[in-house]
Amino acid sequence: MPDCLFCKIVTGDIPCHKIWEDDAHLAFLDINPIQEGHTLVIPKAHASYLFDMDDPSYQHLLAASKQVATHLKNALQVPRIGVGVEGFAVDHVHVHLVPVSGVGQLDSSNAAPADQAFLVQLAQKIKKI
Ligand SMILES: [Zn+2]
């Protein structure tokens, strides 16, 4: 999709703080995190709505998200990784993985721009684990 922000991230036309990828998925830090380490997992192929995806693509996306969430939990030493999907901001399926340590920490009204240099360091820290 030519005008899709996340398709441009997949092709590399727009940079991202990548922490993981496989053939069909990409995981990168959200630049407006709700919590430190807030990550987005996306399918590389454009899709608009999670529950319109075909079953194999849907299941692979959730399996990829599980893998990234396990990695994030270990890297950041948090008790849980919260999950959210709504997709109004960017019309390309993305699974929000948000490190949480208590109730109410998935509130998207807490999203705020992160310092870019901090995100570079955080992505490197997460990738090392
Ligand atoms: Zn797209």
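Structure: above.
In this text the structure is predicted, and so the values were computed from the model without any measurement.

Draft legend 1. Here's a closer look at the nonpolar core. Ranked by size, the top nonpolar core spans 25 residues in total, and within it Ile19, Val41, Val68, Leu72, Leu97 and Ile126 carry the most contacts. Within the residue set of this core, elements represented by two or more residues are strand E1 (18-21), strand E2 (25-29), helix H2 (55-76), strand E5 (95-100) and helix H3 (116-128). At seven residues, H2 tops the list of elements feeding residues into this core. Ignoring anything within four residues of it in the chain, the contact list for valine 68 reads Ile19, Trp20, Ala27, Thr39, Val41 and Leu97. Core analysis: the second largest hydrophobic core is formed by nine residues, Phe6, Cys7, Leu40 and Val90 among them.

Draft legend 2. Examining the coordination of the zinc ion more closely. Protein coordination at the zinc ion: the donors are Cys4 (SG), Cys7 (SG), His46 (ND1) and His92 (ND1), at 2.0 to 2.3 Å from the metal. Its four donor atoms give the zinc ion angles of 106 to 115° at the centre, a pattern that matches the tetrahedral case. Going along the chain, you hit the donors of the zinc ion in the pattern C-x2-C-x38-H-x45-H. Pair noted here: cysteine 4 is in the segment before helix H1 (5-11) and histidine 92 is in the loop between strand E4 (80-84) and E5, with a separation of 88 residues, a long-range link. Grouping residues by exposure puts cysteine 4 and histidine 92 together as buried.

Draft legend 3. Examining the packing of aromatic side chains more closely. What the rule picks out here adds up to three aromatic pairs. Between phenylalanine 6 and phenylalanine 28, the aromatic rings sit 5.6 Å apart at their centres with planes inclined by 75°, giving edge-to-face as the arrangement. Note that phenylalanine 6 is positioned in helix H1 and phenylalanine 28 in strand E2, a separation of 22 residues in sequence. Assessed through its relative accessible area of 5%, phenylalanine 6 is described here as buried. Given the relative accessible area of 3%, phenylalanine 28 is considered buried. Arranged with centres 5.9 Å apart and planes meeting at 50°, the rings of phenylalanine 51 and tyrosine 58 form a pair that is tilted. Residue classification places phenylalanine 51 among the exposed positions, given a relative accessible area of 55%. For tyrosine 58, a relative accessible area of 24% translates into the label partly exposed.

Draft legend 4. Local environment of the environment of lysine 125. Along the chain, lysine 125 falls in helix H3. The class for lysine 125 is partly exposed, based on a relative accessible area of 43%. Residues lysine 125 and asparagine 74, spaced 51 residues apart in sequence, show a C-alpha to C-alpha distance of 11 Å. Not counting residues up to four positions away in its chain, the partners in contact with lysine 125 are Ala75 and Leu76.

Draft legend 5. Just the side chain of serine 65, in detail. As for its position among the elements, serine 65 is in helix H2. For serine 65, a relative accessible area of 6% puts it in the buried group. Aside from chain neighbours lying at most four places away, what touches serine 65 is Val41, Val95 and Leu97.

Draft legend 6. Layout of the pattern of salt bridges. In this structure the tally under the stated criterion is two salt bridges. Here glutamate 21 ties to lysine 18 by a salt bridge, and the two come within 2.6 Å at their closest N and O atoms. A relative accessible area of 34% places lysine 18 in the partly exposed class. Lysine 44 is the salt-bridge partner of glutamate 21, the closest N and O atoms lying 2.7 Å from each other. Of this pair, glutamate 21 sits in strand E1 while lysine 44 sits in the loop between strand E3 (39-43) and H2, placing them 23 residues apart in sequence. Connected through salt bridges with shared partners, the residues Lys18, Glu21 and Lys44 form a single ionic network.

Rules used in this analysis
- Residues numbered from 1 in each chain as written.
- Predicted model: local features only at pLDDT ≥ 70, side-chain atom pairs only at ≥ 80, totals over all residues.
- Heavy atoms only, no water.
- Core = buried A, V, L, I, M, F, W, Y, C linked by side-chain atoms within 4.5 Å.
- Buried < 20%, exposed > 50% of the residue type's maximum accessible area, 1.4 Å probe, protein only.
- Helix = DSSP H or I, 4+ residues; strand = E, 2+ residues; numbered from the N terminus.
- Contact = heavy atoms within 4.5 Å.
- Donors = N, O, S within 2.8 Å, 3.2 Å for Na, K, Ca; no water.
- Tetrahedral: all angles 85-135°; square planar, octahedral: opposite > 155°, others 65-115°.
- Phe/Tyr/Trp six-rings, centres within 6.5 Å; stacked < 30°, edge-to-face > 60°.
- Salt bridge = Lys/Arg side-chain N within 4 Å of Asp/Glu carboxyl O.

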